[in-house]
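Chain by chain, the residues run as shown.
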Amino acid sequence: MDIGLTFQQLLNGLSIGCVYAIFALGYTLIFSILRIINFAHASVFTLGAYFTYFLIGGKFGFNGLLSNGQLPFALPFLIALVVGAVLAGLVSMAIEQLAFKPLRNRGADPLLTLVSSLGVAIVVVNVIQYLVGAEIYAFPSSVLSGLPAAVNFGNADRAIPIRTIQIVILAVSVVIMIGLTLLVERTRTGKALKAIAEDATVAGLLGINADRLIMATFFLSGFVGGLAGTLVGLSVSIAGPYFGIAFGLKGLAVIVLGGLGSIPGSILGGLLIGLAEAFVPSSAIAIKEAVPFAILFLVLIVRPQGLMGRSLVQKV
Amino acid sequence: MVAMVLAATLALSLYLPLMSGQLSLATPGFYAIGGYVAAILSTKVIHVTGPYPIPLILGEMILAGAGCGVLAVLIGVPALRLRGVYLALATIAFVEIVRVLSLTVEFTGGAIGIFNIPQPFVTANGIEYLLIALPMLICAALFVYRLERIGVGRALVAIREDELAADAVGINPTRYKVLSFAMGAMLAGAVGALSAHFLNTWNARQGTFDASIAVLAFVLIGGSRSFVGPIVGAMVLTALPEGLRAVAGIGELPVWLATLLRDGRVIIYGLLIVICTLNFPQGLIAPRQPVRKAVKSS
């Protein structure tokens, strides 16, 4: 086997796996506290990419309502990335207020919340399509100006080029993963979140403002999701309003594989699925898209609690 | 009209597993498989000149239904040990696997799909399909109506209300859940087989995540606690885009509103799903006797 090729596949797998992981962390943050799966997260991911694209002065096509729309100014990429993610976080907070809070206050079945978030996802995605059309948008290659397009990990006569963007993705993802883990494990906020997850009412009695922390969690989840969206958009392109949904479905495979609600589980699951996809032989490339779902199905049947999840105890 | 009746039957196929409290989004997967069965049989296996004989369509529908039923049992036995969210996830995975496979495998025609599926009727709008679709809907509705009144149906409802309690009084939850899942799959397969002829062409777009959402909207908006709900919900929501299009054609409306009315079918479905879950968790057509609020189990 060609060592260079294997190395390339490995890095490809790690880089896409990292994106899956930080994407899935958005699901996990919310699931670990509220025990619900927020399907709208996939649409927030998409929104993040579109926001950033718009903020760096990107122009929209002629199909949507905002045809040929363009900002009168253009932000530098790094600022646009952060502002885009913040905007995505704010949208996520708004979704929580509109579609989750009423159900939570009523103590509704988690399945109803799932259905409601599905509805939100569909609305957001189609509003994007309605506003800016279904075209593919690509970030101009100049956004990472100053960096070479690829870094050579081999030597002069045996080149092993790795795209710079993949290294950027890898670095950003690692920072986010470490940051989130520290936040949950090492800070007072993290402790408060765990208390809410255990029992929101008791946490409230102990002086923890549950509503505010839940909103903060949604903001964080949207922020991370929006960031992941931009990174993927940068790496491939923004393949129309539905590209987040495809990612969202794969993200489900990631969180189930890792164990619902477990932060290290999401990271591990993301990396494993990214690697599994990268090592699908090129002769079977057509079925690559089915790999995460086959894994999801198998995990659900063999070990529903996932790799790192606690086993499920059913209470009466 | 035909589309309305077909959608209503499809909604019933999602209602069946829901009777036992299982949110299964697998319907479009089985619908797609049923369609492929009919499309492949009628274009590649059987060659008939002239109008396609109706008994053959009925045969295809039975075959598709039976095939989907067997598949549903095979999938259902392991998958239905899962509960709630996990089952919904597994069925989403199933739909995606079916979609990717039908895009890849050769005999389904890949991304292009299968064309020129023979038609039994000659008129352009295919209104005669009602001759098959309407009896199918009526039979399915009668079946569900009867089912709710015999032991099996009561067992399903018992599982929906409280699975542990049902288990404790001697109902085998897995068996009944698989049964309701398989019945839904058979119905979806049969609808798919008929739709393939009606639509004349069949491809992987027939069974997507969006389709899952649409059928779910039919059931939720109509009401998930009585079989009349899904039927009414499906008929209204299938007719809705046509109605909106007519409104959009009136003119005098601002451009953005007209476009929204014309192309915003899915946005409206999504909004309706959210509004209905928030405000009418029982659907617009609530069951006659009030169901007491289920004890919250976590």
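Peer 1: Would you mind showing me how to read the overall build of chain A here?
Peer 2: Regarding its fold elements, chain A presents 11 helices and four strands. Out of the 316 residues belonging to chain A, those deemed buried represent 52%. When contacts within chain A are restricted to residue pairs at least 6 apart in sequence, long-range pairs at least 24 apart make up 73% of them. Here chain A has roughly 13,700 Å² of accessible surface; of this, 67% comes from carbon and sulfur atoms.

Peer 1: Is there a simple way to think about the overall build of chain B in this case?
Peer 2: For chain B, the count of helices and strands is 12 helices and zero strands. Relative to its 298 residues, chain B shows a buried fraction of 54%. Per element, the accessible surface of chain B, about 13,100 Å² overall, is 68% carbon and sulfur.

Peer 1: What exactly am I supposed to notice about the packing of helix H2 (residues 40-55) of chain A against helix H4 (residues 110-132) of chain A here?
Peer 2: Geometrically, a packed helix pair is captured by the angle between its two axes and the distance between the axes. Residues and elements named next belong to chain A. As a packed pair, H2 and H4 sit with axes 7 Å apart at the nearest point and diverge in direction by 25 degrees. One way to sum up the angle between H2 and H4 is to call them roughly parallel. Once H2 is placed against H4, the crossing between them reads as left-handed. Residues Ala40, Ser43, Thr46, Leu47 and Tyr50 of H2 form the contact with H4, whose own contacting residues are Ser117, Val120, Ala121, Val124, Val125, Ile128 and Val132. A per-class count over the contact of H2 with H4 returns nine nonpolar, three polar and no charged.

Peer 1: Explanation requested: helix H3 (residues 54-79) of chain B in the structure shown.
Peer 2: Quick reminder: α-helices carry 3.6 residues per turn. Residues three or four places apart thus point the same way. When the terminal C-alpha atoms of H3(B) are compared, their 36 Å separation across 26 residues agrees well with the 38 Å that a helix rising 1.5 Å per residue should span. Buried residues of H3(B): B:Ile57, B:Glu60, B:Met61, B:Ala64, B:Gly65, B:Cys68, B:Gly69, B:Ala72, B:Ile75, B:Gly76 and B:Ala79, and no others.

Peer 1: I'm lost on the nonpolar core in this one. Help?
Peer 2: Most often, soluble globular proteins keep nonpolar side chains buried together rather than apart. Counting 187 residues, the largest nonpolar core has A:Ile37, A:Phe39, A:Leu252, B:Leu12, B:Leu23, B:Phe30 and B:Leu194 as its most contacted members. Element by element, the count of residues in this core is highest for helix H1 (residues 3-34) of chain A, at 14 residues. Aside from chain neighbours lying at most four places away, what touches B:Leu194 is B:Leu6, B:Ile57, B:Met61, B:Tyr129, B:Ile132, B:Ala133 and B:Met136.

Peer 1: I tried to follow the packing of H1(A) against helix H8 (residues 210-235) of chain A on my own but got confused; where do I start?
Peer 2: Residue and element names in this part refer to chain A. One can describe the packing of H1 onto H8 by two numbers: an axis separation of 8 Å at closest approach and a directional angle of 165 degrees. With respect to their mutual orientation, H1 and H8 come out roughly antiparallel. Regarding H1 and H8, the two cross each other, and that crossing is left-handed. Residues Val19, Ile22, Phe23, Gly26, Leu29, Ile30, Ile33 and Leu34 of H1 pack against Ile214, Thr217, Phe218, Leu220, Ser221, Val224, Ala228, Leu231 and Val232 of H8. In terms of residue class, the contact of H1 with H8 is built from 14 nonpolar, three polar and no charged.

Peer 1: What should I look at first to understand a nonpolar patch on the surface in this one?
Peer 2: A surface patch of nonpolar side chains, about 280 Å² in accessible area, is lined by A:Ile79, A:Val83, A:Leu87 and A:Leu90. Judged by its relative accessible area of 44%, A:Ile79 is partly exposed.

Peer 1: I'm lost on the confidence of the model for chain B in this one. Help?
Peer 2: Parts of the model with low pLDDT should not have their predicted coordinates read in detail. All names here are of chain B. Looking at chain B as a whole, the pLDDT averages 77, with 81% of positions reaching at least 70. Of all the helices and strands in chain B, helix H11 (residues 255-263) carries the lowest mean pLDDT, 67, while helix H8 (residues 173-199) carries the highest, 86. Low pLDDT (under 50) marks residues 288-298, which in the prediction has six contacts with non-local residues, meaning those over four places away or in another chain. For this predicted complex, the interface score ipTM comes out at 0.74, while the overall pTM is 0.79.

Peer 1: What am I meant to see in the packing of aromatic side chains here?
Peer 2: Aromatic rings considered in pairs are described by the distance between their centres and by the relative angle of their planes. All names here are of chain A. All told, the structure shown has 10 aromatic pairs over all chains when counted by the stated rule. Between Phe23 and Phe45 the ring centres are 4.8 Å apart and the planes differ by 75 degrees, which places this aromatic pair in the edge-to-face class. Separated by 22 residues along the polypeptide, Phe23 in helix H1 and Phe45 in helix H2 bring together distant segments of the chain. Under the relative-accessibility criterion, Phe23 is labelled buried at 0%.

Peer 1: Looking at this model, I keep getting lost on the state of the cysteines. Mind explaining?
Peer 2: Joining two cysteines, a disulfide is a covalent bond between their sulfur atoms. Residues and elements named next belong to chain B. Going through the model one piece at a time under the given rule, you end up with zero disulfides over all chains. With no disulfide of its own, Cys139 has Cys68 as its nearest cysteine by sulfur position, at a separation of 18 Å. With a relative accessible area of 53%, Cys139 lands in the exposed category.

Peer 1: How do you make sense of the pattern of salt bridges when you look at a structure like this?
Peer 2: Residue and element names in this part refer to chain A. Throughout the structure, instances matching the rule amount to seven salt bridges over all chains. With a closest N to O distance of 2.7 Å, Glu96 and Arg104 form a salt bridge. Using a relative accessible area of 0% as the deciding quantity, one classes Glu96 as buried. Assessed through its relative accessible area of 25%, Arg104 is described here as partly exposed.

Peer 1: What's the story with unusual backbone geometry in this structure? I'm lost.
Peer 2: Working note: non-glycine residues mostly have negative phi, and peptide bonds are mostly trans. All names here are of chain A. Of note, the phi angle at Arg35 is positive, near 60 degrees, even though the residue is not glycine. Inspection of the secondary structure puts Arg35 in the loop between H1 and H2. Since its relative accessible area comes to 41%, Arg35 is described here as partly exposed.

Peer 1: So what exactly am I meant to see when it comes to the environment of A:Tyr20 here?
Peer 2: Residue and element names in this part refer to chain A. Tracing the chain through its elements places Tyr20 in helix H1. Each residue touching Tyr20, except ones within four places of it in the same chain, is listed here: Phe247, Lys250, Val254, Gly270, Ile273, Gly274 and Glu277. A polar side-chain atom of Tyr20 sits 3.0 Å from a polar atom in the side chain of Glu277.

Reading the values: the criteria
- Residues numbered from 1 in each chain as written.
- Chains lettered and ligands numbered in written order.
- Predicted model: local features only at pLDDT ≥ 70, side-chain atom pairs only at ≥ 80, totals over all residues.
- Heavy atoms only, no water.
- Helix = DSSP H or I, 4+ residues; strand = E, 2+ residues; numbered from the N terminus.
- Buried < 20%, exposed > 50% of the residue type's maximum accessible area, 1.4 Å probe, protein only.
- Contact = heavy atoms within 4.5 Å.
- Areas by Shrake-Rupley, 256 points an atom, 1.4 Å probe, with all protein chains shown as cover.
- Axes fitted to C-alpha atoms, helices over the stretch in contact; angles between N-to-C directions.
- Parallel < 35°, antiparallel > 145°, perpendicular 65-115°, else oblique.
- Left-handed = near helix turned anticlockwise from the far one by under 90°.
- Nonpolar A, V, L, I, M, F, W, Y, C, P; charged D, E, K, R; others polar.
- Expected span 1.5 Å × (residues − 1).
- Core = buried A, V, L, I, M, F, W, Y, C linked by side-chain atoms within 4.5 Å.
- Patch = residues over 30% accessible without salt bridge, like charges linked within 9 Å, V, L, I, M, F, W, Y side chains within 5 Å.
- Salt bridge = Lys/Arg side-chain N within 4 Å of Asp/Glu carboxyl O.
- pLDDT = per-residue confidence, 0-100.
- Phe/Tyr/Trp six-rings, centres within 6.5 Å; stacked < 30°, edge-to-face > 60°.
- Disulfide = S-S within 2.5 Å.
- Polar contact = N/O pair within 3.5 Å; in protein donor to acceptor, adjacent residues only side chain to side chain.

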